[in-house]
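Next come the chains, spelled out residue by residue.
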Amino acid sequence: MQDLIKQYKYNYLKSYLPTLLSGVVVAGIFLFFQWDNFPGSAALYLGILFFPYLIQKDSPSTNRLLIPVFSGLLLLLFFNSSSLYYVTTAFVLLWLIEISVGKQNPLPFLLILVIAPIFRYLVHIWSFPLRIKMSALVAGSLRRVGMDVTAIGNTIFVNQAVYEVEPACIGIKMTGTALVCCLLILGFFVKERQLKLTWTKALLSLFAGFLLTLFSNYIRLLGLVIFDIPPANPVHHLMGIISLVVYVLVPFFFWWSWRQPPITIISEKPLSNQSKEAIPPIWSSYRLILLGTILLGLLFTGRQFGQEKTQPAISKHPWMALTGFSKTQKSYGVLELRRADQLIYIKPPAGPFQGAHDPRICWQGSGFVFKKIKKEIIESLEVYTAEISRDDLILQTAWWYDNGGHQTTEEWDWRWRSLFHGEKYHLINISVNNQEAGTLPDLINEVREATSR
């Protein structure tokens, strides 16, 4: 019996250790080129920690993911997209798992999607209209019970108190973490009750988890406003955790427990009845050649992201004609124009599937905190405006997308035009010192006049 166990362990290591090492190499290549675009988060760490728990064998091993892997590598030859590089790398890792363990159900795929940087970006930027509606809904609910509440943009005013509906509340932290936890609960039921999970069931369950997250945040915001709990109060964060557990995880768990009653599980054959050949060989010469080709493809296509950081700013665009500004070329092709207490960033056009250096992300990366985000019409131009602060420094900032003839604040608008009409949109971000807030309209006019030249 002892010899059989030793032989089994030897076969196990012989088969799976190369897969594990290959996965480490693939992940290392990705992080080498994408470290700056892969920020940490609670959802990411939780997802990585419990990812092995979601790996299950639905059917024999398969090479089905080679098609998306090589399709992704081919597209990367023509498109500079960090998101595409992430997806391609994810399919490589899942291919390694599927040739070693077997065909996977939807859970590992969905987990990789939820912890992806592009998911964080979409939630952070594209959830803003949702945060505005959430602010209005909370304010409307409280007015019905007689409270004097006003909502402007993503800000709720109650007497002298101000509450911000931030991405941390309804975006990145709560949504990502909640969806990862929902996937882990699904994984528990799939294992515990031997379920065959289809893509339809998995997606509907994830959508249900998202709706529960919205409801959880609605209840949480009501509690914060009613009981006057500011962000500095530890109870503020505690209420977020309690809302996540009580209004998302517990209902989600009992909903699935009700839908999938327990079944009798047939135990597996004992180890003594397994042959020494229970673990089939994985790495044939054919697969080793495929792996080598894929690794070379990831290295070759990943080089473009190192070159992207040193991309020079375009020196011939109309904003270079603005007078009185010192001009500095920053990383990633960004042009900085600075004059006294005024600061302008001209950010290069992004592709329809690329991130656009959104100020709500870039400024926060420099330690600034956003407040009072809203859309305004300034000098007949619709722009986003916000108050940003770091320590004692307070700035008023505004931004929009501009192709010289058309201006917009809508992500869908400029991305659609970029994709189907080939239009290139710069992101214009203007900031002034808080004491000079009145000069913001004049500065916007000055930039627009330069654009029209």
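No experiment lies behind these values; they were computed from the predicted model shown.

Describing the nonpolar core
Logical step 1: In terms of nonpolar packing, the biggest core is built from 63 residues, with Tyr85, Trp95, Leu183 and Leu298 touching the most fellow members.
Logical step 2: Per-element accounting of this core gives the leading share, twelve residues, to helix 9 (residues 172–192).
Logical step 3: Not counting residues up to four positions away in its chain, the partners in contact with tyrosine 85 are Ile29, Phe30, Phe33, Gln34, Leu76, Leu298, Thr301, Gly302 and Phe305.
Logical step 4: Counting residues in hydrophobic clusters, the runner-up holds 20 residues, among them Leu337, Ile378, Ile430 and Leu443.

A few points about the side chain of serine 431
Logical step 1: Take serine 431: it is sitting in strand 11 (residues 426–433).
Logical step 2: Within polar-contact distance, the side chain of serine 431 engages the side chain of threonine 397 at 2.8 Å.
Logical step 3: Other than its neighbours up to four places away in sequence, serine 431 contacts Asp341, Gln342, Leu343, Trp363, Leu395, Gln396 and Thr397.

Concerning the confidence of the model for the protein chain
Logical step 1: Predicted confidence across the protein chain gives a mean pLDDT of 82, with 86% of residues reaching 70 or more.
Logical step 2: In the predicted structure, residues 265–277 sits below a pLDDT of 50 and forms 14 contacts with residues beyond four places in sequence or in another chain.

So, the packing of helix 2 (residues 42–54) against helix 5 (residues 106–114)
When two helices pack together, their arrangement is captured by the angle between the axes and the distance separating the axes.
Logical step 1: For the pair helix 2 and helix 5, the least separation of the axes is 10 Å and the interaxial angle reads 170 degrees. Considering their axes alone, helix 2 and helix 5 lie roughly antiparallel with respect to each other. The segment helix 2 lies against helix 5, with Gly47, Phe51 and Leu54 engaging Leu107, Pro108, Leu111 and Ile112.
Logical step 2: Here the residues of the contact of helix 2 with helix 5 are counted per class, giving six nonpolar, one polar and no charged.

Scoring rules and cut-offs
Residues numbered from 1 in each chain as written. Predicted model: local features only at pLDDT ≥ 70, side-chain atom pairs only at ≥ 80, totals over all residues. Heavy atoms only, no water. Core = buried A, V, L, I, M, F, W, Y, C linked by side-chain atoms within 4.5 Å. Buried < 20%, exposed > 50% of the residue type's maximum accessible area, 1.4 Å probe, protein only. Helix = DSSP H or I, 4+ residues; strand = E, 2+ residues; numbered from the N terminus. Contact = heavy atoms within 4.5 Å. Polar contact = N/O pair within 3.5 Å; in protein donor to acceptor, adjacent residues only side chain to side chain. pLDDT = per-residue confidence, 0-100. Axes fitted to C-alpha atoms, helices over the stretch in contact; angles between N-to-C directions. Parallel < 35°, antiparallel > 145°, perpendicular 65-115°, else oblique. Nonpolar A, V, L, I, M, F, W, Y, C, P; charged D, E, K, R; others polar.

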